[in-house]
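Observations on the model geometry
Chain by chain, the residues run as shown.
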Amino acid sequence: MKTLRIVDLEDFDRASYASIGMELYNSLKSPYCSKIEFFDDGSVFLRLRAERKDINSIPLFVIGIYENKDEIIIIKALGDFSKEESSIEGKSFSSIYEIFSFLLYSLIKNDPEFLSLMEKEAEAMEEKILEGIDSNFFPLLTKRKRIVSKFEAFYLDMLSILDEIEETKGPEKRVLEQKLSRLQVYAERISSNISEIRSEGESLQLDRENKTMEFLTVITTIFLPLSLLTGWYGMNWKGMKELDWEWGYIAFIAVAIVVVALELSFFIKRGFFSKKRKGKGGKK
């Protein structure tokens, strides 16, 4: 068994590991994702970024695991690693893979339940589409999408790291790969469902906006001729005999009623006021 040490990033003695030490330090200062690196001297460095189960972009923790021929060092870079650190204490590890698999099992232990909750929340939001979309619908949907996508990327990173670790090809590694693959497929399916729900919601919202615009267009079209008539006779030119005609006012009202009736008849025949609009080649 190799010596295991756990240190904070700022306490890591970079000078003792030559150029590799500085490379490890810089890598942990910009922990965008998890990755594994192999060096010419046979040493291995694994950067593990564990994600939070919420919208927060700050990771749960970020650590570096460095292994050479003499020792294994866990470098704490970001977040709270105390729970995992206490679980590691008193245990013996012979390789970086053993520590990685131990931590990974702990991290994904409750992920099936978590993803199931995300799926149920997505289904609940899909039902809300029929009831009516409020102002919080799309922001909440975006948050769910970001959370699920974050874990989908995490599972892909973990599978990539496992593919590069060739020292262990036994059943334990296959079981871990299968678990990660199932979780990744599950997360991908939920992410796809959320995208479909968003598309459905946007389509319904657009349809409602179109109906509103259609209604306003009909109202505008109905009153446009009336506006023309009032504007025309509102000029009060001396040559307008209708202004002095005894029945002029009644005639104007009659013309307005006839115009509105003709317009309403036109729109009704074309189904503008029916609940089920007649589609092209379709039925009412």
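Residues numbered from 1 in each chain as written. Predicted model: local features only at pLDDT ≥ 70, side-chain atom pairs only at ≥ 80, totals over all residues. Heavy atoms only, no water.

**A word on the packing of helix H4 (residues 111-131) against helix H5 (residues 137-164)**
For the pair H4 and H5, the least separation of the axes is 11 Å and the interaxial angle reads 155°. The angle between H4 and H5 falls in the class roughly antiparallel. The crossing of H4 and H5 is left-handed. Contacts between H4 and H5 involve Asp 111, Phe 114, Leu 115, Met 118, Glu 121, Met 125 and Ile 129 from the first element and Phe 137, Leu 140, Leu 141, Arg 144, Ile 147, Val 148, Phe 151 and Tyr 155 from the second. (Axes fitted to C-alpha atoms, helices over the stretch in contact; angles between N-to-C directions. Helix = DSSP H or I, 4+ residues; strand = E, 2+ residues; numbered from the N terminus. Parallel < 35°, antiparallel > 145°, perpendicular 65-115°, else oblique. Left-handed = near helix turned anticlockwise from the far one by under 90°. Contact = heavy atoms within 4.5 Å.)

**Regarding the packing of aromatic side chains**
For the structure shown, the criterion picks out ten aromatic pairs. Centroid distance Phe 151 to Tyr 155: 6.3 Å. Interplanar angle 50°. Geometry classified as tilted. Taken together, the residues span about one helical turn, with Phe 151 and Tyr 155 both in helix H5 at a distance of four residues. Here Phe 151 falls in the buried class, since its relative accessible area comes to 2%. A residue is classified by how much of its surface remains accessible, and Tyr 155, at 0% relative accessible area, is buried. One aromatic cluster is present, built from ring pairs that chain together Phe 114, Phe 151, Phe 154 and Tyr 155. A cation over a ring is seen here: Arg 14 above Tyr 25, with NZ or CZ 3.9 Å from the ring centre. (Phe/Tyr/Trp six-rings, centres within 6.5 Å; stacked < 30°, edge-to-face > 60°. Buried < 20%, exposed > 50% of the residue type's maximum accessible area, 1.4 Å probe, protein only. Lys NZ or Arg CZ within 6 Å of the ring centre and 35° of its normal.)

**Points about the pairing of strand S5 (residues 71-79)**
For strand S1 (residues 3-8) and S5, the ladder comprises six bridges, and the chain directions are parallel. Counterpart to Thr 3 in the pairing with S5 is Glu 71. Taken together, the seven bridges between strand S4 (residues 61-67) and S5 define a ladder with antiparallel strand orientation. The partner of Phe 61 across the bridge, within S5, is Gly 79. Linking two consecutive strands that pair antiparallel, namely S4 and S5, is a turn of three residues. (Pairing = 2+ DSSP bridges.)

**Overview of the packing of H4 against helix H6 (residues 171-233)**
The N-to-C vectors of H4 and H6 enclose an angle of 15°; their axes lie 10 Å apart at closest approach. Classified by the interaxial angle, the pair formed by H4 and H6 is roughly parallel. Note that H4 runs across H6; the crossing there is left-handed. Seen from H4, the contacting residues are Asp 111, Pro 112, Leu 115, Ser 116, Glu 119, Ala 122, Glu 126, Ile 129 and Leu 130; seen from H6, they are Leu 183, Tyr 186, Ala 187, Arg 189, Ile 190, Asn 193, Ile 194, Ile 197, Glu 200, Gly 201, Leu 204 and Arg 208. Among the residues making up the contact of H4 with H6, the classes are represented as twelve nonpolar, three polar and six charged. (Nonpolar A, V, L, I, M, F, W, Y, C, P; charged D, E, K, R; others polar.)

**Some words on a negative patch on the surface**
A cluster of acidic side chains, namely Glu 123, Glu 126, Glu 127, Glu 131, Glu 196 and Glu 200, defines a negative patch on the protein surface. Broken down by secondary-structure element, the contributors of at least two residues to the negative patch are H4 and H6. Element by element, the count of residues in the negative patch is highest for H4, at four residues. Turning to its location among the elements, Glu 127 is positioned in helix H4. Take Glu 127: its relative accessible area is 54%, and that puts it in the exposed class. (Patch = residues over 30% accessible without salt bridge, like charges linked within 9 Å, V, L, I, M, F, W, Y side chains within 5 Å. Areas by Shrake-Rupley, 256 points an atom, 1.4 Å probe, with all protein chains shown as cover. Salt bridge = Lys/Arg side-chain N within 4 Å of Asp/Glu carboxyl O. Lys, Arg positive; Asp, Glu negative; His and termini not counted. Charge placed at Lys NZ, Arg CZ, Asp CG, Glu CD.)

**A word on the pattern of salt bridges**
Per the stated rule, a full pass over the model turns up twelve salt bridges. Across the pair Arg 198 and Glu 202 runs a salt bridge whose closest N-O atoms are separated by 3.4 Å. Placement of both Arg 198 and Glu 202 in helix H6 is noted, with a separation of four residues, approximately one turn of the helix. A salt bridge links Asp 207 to Lys 211, with the nearest nitrogen and oxygen atoms 3.6 Å apart. Of the two residues, Asp 207 and Lys 211 both sit in helix H6, four residues apart, roughly one turn of that helix. What makes Asp 207 partly exposed here is its relative accessible area of 35%.

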